[in-house]
Amino acid sequence: MKIFRNKMYENKLSIKLIIIFLGLIFCSCKNKNSEQNNDNSHSEKKPNILFIMSDDHAYQAISAYSDKLTTTPNIDRIANEGIRFTNACVTNSICAPSRATILTGKHTHINGKIDNRMAFDRSQITFPQLFQKAGYETAMYGKLHFGNNPKGIDDFMILLGQGDYINPNFITKKGDTTITGYVTDIITDLTINWLDKKRNKEKPFLMMYLHKAPHRAWWPSPEKLKKFASKTFPEPESLFDDYSNRGTAAKTAEMNLLNHMKYGHDSKIRPETIAAMENVTPFVPTKDYKGIDGFTKAYSRANSEQKAKYDPILDSINASFKENWPKFNNKQKMQWKYQRYMQDYLACVSSVDDNVGRVLDYLDNSGLAENTIVVYTSDQGFYLGEHGWFDKRFVYDESFKTPLLIRWPNKITPNTTNDEMVQNLDFAQTLLEAAQIEAPDDMQGESLIPLLKGNVKEWKRDAVYYHYYEYPAVHMVKRHYAIVTKEYKLVHFYYDVDEWELYDRKNDSQEMNNVYNNPNYADVITKLKKELSAMRVKYKDSPELDQKYIDMTNDLLNKK
Ligand code: SGN
Ligand code: CA
């Protein structure tokens, strides 16, 4: 009996010892983890958020989507280690409205930021305010495009308006400052410095790391310009699109490479080169001409050391233009402009990719990666010569869709692809849910958390709503609203014209044929029109609001 009891005692003791031992191991792991997660000791489970957004970054220029044009190994890491959305889109394909939608979780017609010109109503709730209130440390570095004191942001350095590529000016809490260097590198230096040295490491963070690149006018760093200026890129099939089988809006838009790209501003031809040539239309000042031509405006920001690096490359581009341009027919001119465009655009993208790599490496090396959600997106897509265009604005795929890659270790299965109709409207609610913060009832998106976790069946939405307003304006894309499903796109151009278009997304992926008048689609049109009306009601858009915004634009333009 005694022996038995002793045995029991011994057993109990050894069980106790094992429990204590396991407990110690568990605690030490936990401590290590919280150190690795940079001591979010109060809110261990709250993930950090790194929201990376570039400006005008077409998904066609991300190799996780297509490696036809370029490779972006660092951005691809986010897709390889997380999820890639192939049908992510915006609600209004233009910069400031996209940002306003992301911040408020509301469509343009509700948050009021219909275009780049209208003021943003700062009394609105934006999602960083909710993060800040919930104990997050918040920061914003890079391009915002409106306002100079974003609400709910503890620390910021924001480019003035569109910002400059070379030696950019920043608005900060302590006043404006100019930083010497290349904008993409600088925004990254500032971001890493904040993550490493400036933030309160007791708190989880929300960092909005917002690139200016690859926005027009595309100015690469001297190193990238040199590397890319000699490359040749494949042309898109629709480079010479004549817009037949499309409506008036496509025909009257002013974003064709041949007709609307500028020698200096876009293609880096010096005013002196043009002046020395015959039969080349010289720079003609427009009514909002600010005093210098587009080339000089960007180039004159460089200091002599920077100019010395740019000059040999610019000289060689100019020499080749001078020699070849007069001999070119229109087709060759288009091809030349396309190559110059891609060289500069993709060179800017390459810098973004390198710098995203630097930040991802920082997350890895600091132990932050494991508990940080990384989002990579753009404020909208962009035409890279498809339909002969640059710029965006249209609901057609290249500008309507936007890249969306999200990494969240242990939550998102690596290398996942998802083709649901998701929008920038959804970002606020997604990030709020990830951080376990309640989203206001009047936000209009849907949290993407079920899709991130692979619970695709929980996702009920099969169509999205789109509405573009900035007209009349640069590039002259007419106002339109649309309903888009995985199969179809029904568009109404309602101002200046009254035209409908229907695209069969599965059978005409390049959207070359408007089938609105094809009787085979009559039933589809009836159904989609009904859904579109219901959607306008659901999202609280209406003909009255359309008219209100037309009147507001007219007032604004008349005042100018
Ligand atoms: C500038 C560009 C346009 C571009 C708008 C809006 N011209 O006006 O090409 O569409 O910005 O872009 S440029 O002379 O500055 O190059 S947005 O991304 O900010 O909406
Ligand atoms: Ca943009």
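Fair warning: this is a prediction, and the values are worked out from it, not measured in the lab. Counting from 1, residues in each chain are numbered in the order their sequence is written. Chain letters start at A and ligand numbers start at 1, both assigned in the order the entries are written. Residue-level local features of this predicted model are given only where pLDDT is at least 70; pairs of side-chain atoms are given and counted only at 80 or more, and the full residue set underlies all totals for whole chains, interfaces and linings. Just so you know, side-chain values use all the structure's heavy atoms and leave hydrogens and water out.

Participant: What is the right way to look at the overall build of the chain in this model?
Facilitator: Each helix corresponds to a stretch of at least 4 residues labelled H or I by DSSP, and each strand to a stretch of at least 2 residues labelled E; elements are numbered beginning at the N terminus. Tallying secondary structure elements over the chain gives 19 helices and 16 strands in all. Looking at the chain residue by residue over its 560 residues, the buried ones come to 58%. Put simply, of all contacts in the chain between residues at least 6 apart along the chain, 70% involve residues at least 24 apart. Total accessible area on the chain stands at roughly 24,200 Å², and carbon and sulfur atoms take up 52% of it. Residue burial is assigned from relative accessible area. The probe radius is 1.4 Å, only protein chains are included, and a residue is buried under 20% of its type maximum, exposed over 50%, and partly exposed in between. Contacts are residue-level and defined by heavy atoms, with any inter-residue pair within 4.5 Å sufficient. Note that accessible areas follow from Shrake-Rupley with a 1.4 Å probe, and for residues the cover is restricted to the protein chains shown.

Participant: Honestly, the site of ligand 1 in this entry has me stumped. Any pointers?
Facilitator: Around ligand 1 sit 17 residues in total, of which Gln162, His265, Asp391, Arg393 and His475 are the nearest. Arg216 is positioned such that a nitrogen or oxygen atom in its side chain is 2.8 Å from an oxygen atom of ligand 1. When residue character is reported, Ala, Val, Leu, Ile, Met, Phe, Trp, Tyr, Cys and Pro are called nonpolar, Asp, Glu, Lys and Arg charged, and the others, Gly included, polar. Of the residues that constitute the shell around ligand 1, the class distribution is 3 nonpolar, 7 polar and 7 charged. We define proximity as follows: a residue is near a molecule or strand when any one of its heavy atoms falls within 4 Å of that partner. Any pair of N or O atoms that falls within 3.5 Å is considered a polar contact. Within protein, one atom must be able to donate a hydrogen and the other to accept it, and sequence-neighbouring residues count only if both atoms are side-chain atoms.

Participant: Sorry if this is basic, but what is going on with the confidence of the model for the chain here?
Facilitator: Low pLDDT means the predicted atomic positions in that stretch should not be read closely. Per-residue confidence from the prediction method is given by pLDDT, with values spanning 0 to 100. With 90% of its residues at a pLDDT of at least 70, the chain reaches an overall mean of 92. Note that residues 1-10 has pLDDT below 50 and, in this model, 0 contacts with residues that lie over four places away or in other chains. Across residues 17-43, confidence stays below pLDDT 50; counting only partners more than four residues off in sequence or on other chains, it has 30 contacts.

Participant: Help me understand the nonpolar core, please; the structure alone is not making it clear to me.
Facilitator: Take the buried residues of types Ala, Val, Leu, Ile, Met, Phe, Trp, Tyr and Cys, join any two whose side-chain atoms come within 4.5 Å, and each joined set is a nonpolar core. Within the largest apolar cluster, 104 residues are counted, with the highest numbers of intra-cluster contacts made by Trp219, Tyr341, Tyr345 and Phe394. When sequence neighbours within four positions are dropped, the list of residues in contact with Trp219 reads Tyr165, Ile166, Tyr182, Lys268, Phe295, Ala298, Tyr299, Tyr310, Leu314 and Cys348. Within the second largest apolar cluster, 45 residues are counted, among which are Ile49, Leu144, Val422 and Leu452.

Participant: I keep staring at the pattern of salt bridges and nothing clicks. Help me out?
Facilitator: Oppositely charged side chains are able to pair whenever their charged atoms sit close together. We define a salt bridge as a side-chain nitrogen of Lys or Arg found within 4 Å of a carboxyl oxygen belonging to Asp or Glu. Taken as a whole and judged by the stated rule, the model has 35 salt bridges. Note that Glu420 and Lys486 form a salt bridge whose closest N and O atoms lie 3.2 Å from each other. In this pair, Glu420 sits in the loop between strand E11 (416-418) and strand E12 (422-423) while Lys486 sits in the loop between strand E14 (480-485) and strand E15 (488-493), placing the two residues 66 residues apart along the sequence. We classify Lys486 as partly exposed; its relative accessible area is 22%. One connected set of salt bridges, linked through shared partners, spans Asp56, Asp391, Lys392, Arg393 and Glu470.

Participant: Looking at this model, I keep getting lost on empty space enclosed by the protein. Mind explaining?
Facilitator: The rolling of a water-molecule-sized probe over the atoms marks out the regions of remaining empty space. Note on definitions: the grid is 1 Å and covers protein atoms alone; a cavity is a set of points where a 1.4 Å probe fits but cannot get out; a pocket is an open set with protein on both sides within 12 Å along at least five of seven lines; lining residues have an atom within 4 Å of a point. Grid points are joined across faces, edges and corners, and a volume is the space filled by probe spheres set on the points. All chains considered together, the criterion is met by 3 cavities of 30 Å³ or more. Counted as a void, the largest cavity has a volume near 110 Å³. If you trace the largest cavity, you find 15 residues lining it, with Phe120, Arg122, Phe146, Pro150 and Lys151 closest to the centre. Residues that form the lining of the largest cavity fall into these classes: 7 nonpolar, 6 polar and 2 charged.

Participant: I tried to follow the packing of aromatic side chains on my own but got confused; where do I start?
Facilitator: The geometry of an aromatic ring pair comes down to the distance between the two centres and the angle between the two planes. Note on ring pairs: Phe, Tyr and Trp rings are taken, using the six-membered ring of Trp, and paired if centres are within 6.5 Å. Classes follow the plane angle, with under 30 degrees stacked, over 60 edge-to-face and the rest tilted. Per the counting criterion, the structure on display carries 36 aromatic pairs. Relative to Phe394, the ring of Trp389 lies with its centre 4.8 Å away and its plane at 10°, an arrangement referred to as stacked. What makes Phe394 buried here is its relative accessible area of 0%. Each residue in the set Tyr243, Tyr383, Trp389, Phe394, Tyr396, Phe493 and Tyr503 is aromatic and connected to the rest through ring pairs, giving one cluster. For Arg84, the ring lying beneath its charged end belongs to Tyr65, and the centroid distance is 5.4 Å. Working rule: Lys NZ or Arg CZ, within 6 Å of ring centre, within 35 degrees of ring normal, means a charge sits over the ring.

Participant: Looking at this structure, I do not really get the sheet that holds E15. What am I missing?
Facilitator: Whether parallel or antiparallel, the strands of a sheet pair through hydrogen bonds between backbone atoms. Across the sheet, 4 strands lie side by side as E13-E14-E15-E16; this open sheet has antiparallel pairing. Each of the sheet's edge strands pairs with one partner strand only, and the pair in question is strand E13 (463-468) and strand E16 (499-504). Direction aside, neighbouring strands of the sheet carry axes that sit 15° apart on average. For two strands to count as paired, DSSP must find a minimum of two bridges between them. The pairing of E14 with E15 spans 5 bridges and is classified as antiparallel. Bridge pairing links Tyr481 to His492 in E15. Running over the sheet, helix H18 (residues 522-538) touches E13, E14, E15 and E16 and is turned about 115° from E14. Interaxial angles span 0 to 180 degrees and are taken between N-to-C directions of axes, which are lines fitted to C-alpha atoms, for helices over the stretch in contact.

Participant: Got a minute to help me understand the coordination of the calcium ion (ligand 2) in this structure?
Facilitator: For a metal bound by four donors in a tetrahedral arrangement, the ideal donor-metal-donor angle is 109.5 degrees, while six donors in an octahedral arrangement ideally sit at 90 or 180 degrees. With distances of 2.1 to 2.8 Å, the protein atoms coordinating the calcium ion (ligand 2) are Asp55 (OD), Asp56 (OD), Asp379 (OD), Asp379 (OD) and Gln380 (OE1). The donor definition counts N, O and S atoms within 2.8 Å of each metal and applies 3.2 Å to Na, K and Ca; water is not among these atoms, so some sites may look incomplete. Here the metal geometry follows the donor angles, with tetrahedral for four donors whose angles all fall between 85 and 135 degrees, square planar for four and octahedral for six when opposite donors are more than 155 degrees apart and every other angle is between 65 and 115, and irregular for all the rest. Around the calcium ion (ligand 2) sit 6 donor atoms; with metal-centred angles ranging over 51 to 173°, the donor geometry is irregular. Counting residues between consecutive donors of the calcium ion (ligand 2) along the chain gives the motif D-D-x322-D-Q. Taken together, the positions of Asp56 in the loop between strand E1 (48-54) and helix H2 (73-80) and Asp379 in the loop between strand E9 (372-378) and helix H15 (397-400) put the pair 323 residues apart, joining distant regions of the chain. Neither residue differs from the other here; Asp56 and Asp379 are each classed as buried.

Participant: Which parts of the structure should I look at to understand the packing of helix H6 (residues 183-198) against helix H14 (residues 330-366)?
Facilitator: Each packed pair of helices is defined by two parameters, the angle between the axes and the distance between the axes. Two elements in contact, H6 and H14, have axes whose closest approach is 9 Å; the angle formed by their N-to-C orientations is 10°. Comparing their axes, H14 and H6 come out roughly parallel. From H6, Thr184, Asp185, Thr188, Asp189, Ile192, Leu195 and Asp196 reach across to H14, where they touch Ser351, Val352, Asn355, Arg358, Val359 and Tyr362. Split by residue class, the contact of H6 with H14 holds 5 nonpolar, 4 polar and 4 charged. Roughly parallel means an angle under 35 degrees; roughly antiparallel means over 145; roughly perpendicular covers 65 to 115; every other angle is labelled oblique.

Participant: Would you mind showing me how to read the layout of surface pockets here?
Facilitator: Its volume calculated, the second largest pocket comes out at about 720 Å³. Surrounding the second largest pocket, 26 residues form its lining, Tyr59, Gln60, Glu398, Lys401 and Ser509 being those nearest its centre. For the lining of the second largest pocket, the per-class residue count stands at 7 nonpolar, 8 polar and 11 charged.

Participant: What's the story with the side chain of Asn111 in this structure? I'm lost.
Facilitator: Counting through the fold element by element, Asn111 comes out in helix H4 (residues 108-111). The class for Asn111 is buried, based on a relative accessible area of 3%.

Participant: Help me understand the pairing of E1 in this model?
Facilitator: Strand residues, when the strand is regular, have side chains that alternate between the two faces of the sheet. Of all 7 residues that make up E1, 7 are buried, and the element is covered over most of its length. The alternating pattern of E1 places Asn48, Leu50, Ile52 and Ser54 on one face and Ile49, Phe51 and Met53 on the opposite face, and all of these are buried. Direction of pairing for E1 relative to E9: parallel, over a ladder of 7 bridges. Across the sheet, residue Ile49 finds its bridge partner in E9, namely Ile373.

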